[in-house]
Amino acid sequence: MTVAVTDMPRDNAQPAYWSGVFAMTLCVFALIASEFLPVSLLTPLAADLSVTEGMAGQGIAISGAFAVLTSLFIPLLAGNLDRKTLLLVLTALMGASGAIVAMAPGYGIYMLGRALLGVVIGGFWSMSAATAIRLVPSEKVPRALAIFNSGNALAAVIAVPLGAYLGAVIGWRGAFLCLVPVAAIAFVWQWLSLPAMPVASAVRGPANVFRLLKQPLHLLGMLAVGIFFMGQFALFTFIRPFLETVTAVTVPTLSAMFFVLGIAGLIGTAFIGGLLQRNLYRMLIVMPLLMAVTALALIAFGSSVAAVFVLLGFWGLVATAAPVGWWAWLAKSVPQNAEAGGGLMVAVIQLAIAVGSTLGGVLFDAGGYQIAFVASALLLLLAAVLTALTARRAVTLQ
């Protein structure tokens, strides 16, 4: 048995801590940039640590593994600790991770720094919905979550190209060190802007967050979000080889396409909050349907550079906004236990990404991009069906 936090929605008459929301958004930016910075620095990093690029790339895998473990046990690990203090501790650990990686004398210390980052990823994202509930009135929670996710989208736009540039100018270690002052700024901003967030009420609950899955609404929702991310990453993981071999783009055009995809994601997160407030489940059903159509359109028009530009922009617009919708669903569906629910959702998403990318890779190698993209579309369609069933279940509980 462990302590489960009761995160009741705030009274709408109480003030919203928007500065705290933006402080956490800066933390999200630094966190996502830290997570994926090795992608653009893999070659010099591997050479300097005297390991293969494949071994260096395991730094991303180990952070994901520790994120899953932390997300599942965050209620047990956090206990009665004030949630502001916990967020500050996680932010400090993020800065320490960047410093450890930057100064790593060998591969083992590098992996230690990346594992520490995984703890931050799992803890921070598990608490995101619960924290939004504590910071803003209940009807503003989708907007706060959209702002959080804009830090994710912004990092996706600039982290990889900026990391490559900094790596060329000041070396890969200098690029990682640049994240330390960003984490420090996020720490100070959160310290000044976040209110005290003591545990509102403690109830005895199961140590296993999977107990939430005994409720049909939560089971259907978690299945839907898992299948959604499987479908998304069965395609997106292999978008670069598709662009290089099918669309036959040059490196500058490839960079421009990724930039458009990221900018579209920023636009999507800017508008999704209001749409979710109007009809949460309708948007959660429509988004995977639109992405399934996009996946099939990439097969049909993949040889056209202009068409692919438009399709990737549309994919970024929808795919980056979709997680905001699922976090809003979590805040609405599990307000009494948002931390445990958040931990479970982080674990489901991380595992779904791993399974989806693995499935996509097997299909891509065995049957070509067409088979992988069709599988992506089918999974996204299944996610839409599961979401519709989740919506129907929610109606019966009202």
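Residues numbered from 1 in each chain as written. Predicted model: local features only at pLDDT ≥ 70, side-chain atom pairs only at ≥ 80, totals over all residues. Heavy atoms only, no water.

A. Layout of the overall build of the protein. Scanning the protein from terminus to terminus reveals 13 helices and 2 strands. If you line up the protein on its principal axes, its C-alpha atoms span 55 × 50 × 35 Å. Evaluated residue by residue, the protein yields a buried proportion of 56% over its 398 residues. Here the analysis covers contacts within the protein between residues at least 6 apart in sequence; of these, 86% occur between residues at least 24 apart. A total accessible area of about 16000 Å² is found for the protein, and carbon and sulfur atoms account for 72% of it. Here the protein carries 17 positive and 10 negative side-chain charges, and the mean point of each set is 12 Å from the other. (Helix = DSSP H or I, 4+ residues; strand = E, 2+ residues; numbered from the N terminus. Buried < 20%, exposed > 50% of the residue type's maximum accessible area, 1.4 Å probe, protein only. Contact = heavy atoms within 4.5 Å. Areas by Shrake-Rupley, 256 points an atom, 1.4 Å probe, with all protein chains shown as cover. Lys, Arg positive; Asp, Glu negative; His and termini not counted. Charge placed at Lys NZ, Arg CZ, Asp CG, Glu CD.)

B. Local environment of the packing of helix α7 (residues 216-236) against helix α10 (residues 280-301). Closest axis-to-axis distance for the α7/α10 pair is 11 Å, and the angle between their directions is 25 degrees. Between α7 and α10, the crossing angle belongs to the class labelled roughly parallel. Between α7 and α10 lies a crossing whose hand is left-handed. Mapping the contact onto sequence places L217, F228, Q232 and L235 in α7 and Y281, P288, M291, A295 and L298 in α10. Broken down by class, the residue content of the contact of α7 with α10 amounts to 8 nonpolar, 1 polar and no charged. (Axes fitted to C-alpha atoms, helices over the stretch in contact; angles between N-to-C directions. Parallel < 35°, antiparallel > 145°, perpendicular 65-115°, else oblique. Left-handed = near helix turned anticlockwise from the far one by under 90°. Nonpolar A, V, L, I, M, F, W, Y, C, P; charged D, E, K, R; others polar.)

C. Here's a closer look at helix α3 (residues 83-102). Taking 1.5 Å of rise per residue, the 20 residues of α3 would be expected to cover 28 Å, and the 29 Å separating its terminal C-alpha atoms lies within 8% of that figure. Between a side-chain oxygen at the N-terminus of α3 and the backbone nitrogen of K84 the separation is 2.8 Å; the capping residue is D82. (Expected span 1.5 Å × (residues − 1). Polar contact = N/O pair within 3.5 Å; in protein donor to acceptor, adjacent residues only side chain to side chain.)

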